[in-house]
Structure formats: structure tokens, C-alpha cells
Amino acid sequence: MSEKYQNIVDIKELINNPSFKEYLSLGLIDEIAFRNAIIRHEYRILKRKNSAFESIMILAEKFNLSDSAINTILFRKRVKKKVFTGI
């Protein structure tokens, strides 16, 4: 496996993980960031068989977002949020 893909998490496996479900119920998971990760993952899959435009429109309908919102999720620069450590 190439180094680029070493840190890729299988989203279906993650969702079914009991620890993930517990963290989600405790509000420890940023649901918007997680949704955006799913959108980026599904875009890569859709892009194999569809044009970029078609893929964006499919995702917009599936997630009930505008095509502009999907485009922003896919192509904007992401800034990592600082995690509060309590210190």
C-alpha cells in the first residue's frame, strides 16, 4: 500500500465501530466534518463513472445540499481545527 493511502479509514467500518457510535452519542464527533468526509469519499467513487458535474449533482441531491455547497466541500482549502485539550 502506498504511503499516501496508509491513513485512509474505511468509512463503513468506522460507522459500524461501537466506539465510534459511543463517541457520536456523546457529541465528541464533529458531524459536519464527518459528513464532508463521506461526501469527499463518495465523490472519488462517483468520479470513476461520471463527470465531475454529474457527480456533484448526484451528491447534492443525496445530501440535500446545493451544488455550490458540494463544490465548496470538495474543493476549498481545509483549515484544521484546534482541539481543546483542557490545559
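All figures in this text were calculated on a predicted structure; none of them were measured in a lab.

(A) Local environment of the pattern of salt bridges. A complete count under the given rule lists 1 salt bridge for this structure. Note that lysine 62 and glutamate 42 form a salt bridge whose closest N and O atoms lie 2.8 Å from each other. Here the residue lysine 62 occupies a position in helix α4 (residues 52-63), and glutamate 42 occupies one in helix α3 (residues 31-47), the gap between them amounting to 20 residues. Given the relative accessible area of 53%, lysine 62 is considered exposed.

(B) Quick peek at the confidence of the model for the protein chain. When the pLDDT values of the protein chain are averaged, the result is 85; 83% of them are 70 or greater. Long-range and interchain partners of residues 1-6, a stretch whose pLDDT sits below 50, account for 1 contact in this model, where long-range means more than four residues apart.

(C) Here's a closer look at a nonpolar patch on the surface. A cluster of nonpolar side chains, namely Tyr23, Leu26 and Leu28, defines an oily patch on the protein surface of about 330 Å² accessible area. Mapped onto the elements of the fold, tyrosine 23 is located in helix α2 (residues 18-25). Classification of tyrosine 23 as partly exposed rests on a relative accessible area of 40%.

(D) Main features of the nonpolar core. If you look at the biggest cluster of nonpolar residues, it comprises 9 residues: Ile39, Tyr43, Leu46, Ile56, Leu59, Ala60, Ile70, Ile73 and Leu74. Elements that contribute at least two residues to this core include exactly α3, α4 and α5 (67-75). Not counting residues up to four positions away in its chain, the partners in contact with isoleucine 73 are Arg35, Asn36, Ile39, Arg40, Leu65 and Arg78.

(E) Representation of α4 in the model. Between its first and last C-alpha atoms α4 spans 16 Å; for 12 residues at 1.5 Å apiece the expected length is 16 Å, and the two agree. Among the residues of α4, those classed as buried are Ser55, Ile56, Leu59 and Ala60. Down the axis of α4, the buried side of the element spans an arc of 135°, and every buried residue falls inside it. Exposed residues on α4 whose side chains face more than 90 degrees from its buried face are Phe53, Glu61 and Lys62. Buried residues along α4 sit against α3 and α5. Backbone geometry just after α4 places asparagine 64 at a positive phi near 55°.

Criteria and thresholds
- Residues numbered from 1 in each chain as written.
- Predicted model: local features only at pLDDT ≥ 70, side-chain atom pairs only at ≥ 80, totals over all residues.
- Heavy atoms only, no water.
- Salt bridge = Lys/Arg side-chain N within 4 Å of Asp/Glu carboxyl O.
- Helix = DSSP H or I, 4+ residues; strand = E, 2+ residues; numbered from the N terminus.
- Buried < 20%, exposed > 50% of the residue type's maximum accessible area, 1.4 Å probe, protein only.
- pLDDT = per-residue confidence, 0-100.
- Contact = heavy atoms within 4.5 Å.
- Patch = residues over 30% accessible without salt bridge, like charges linked within 9 Å, V, L, I, M, F, W, Y side chains within 5 Å.
- Areas by Shrake-Rupley, 256 points an atom, 1.4 Å probe, with all protein chains shown as cover.
- Core = buried A, V, L, I, M, F, W, Y, C linked by side-chain atoms within 4.5 Å.
- Expected span 1.5 Å × (residues − 1).
- Arc of directions from axis to C-beta.

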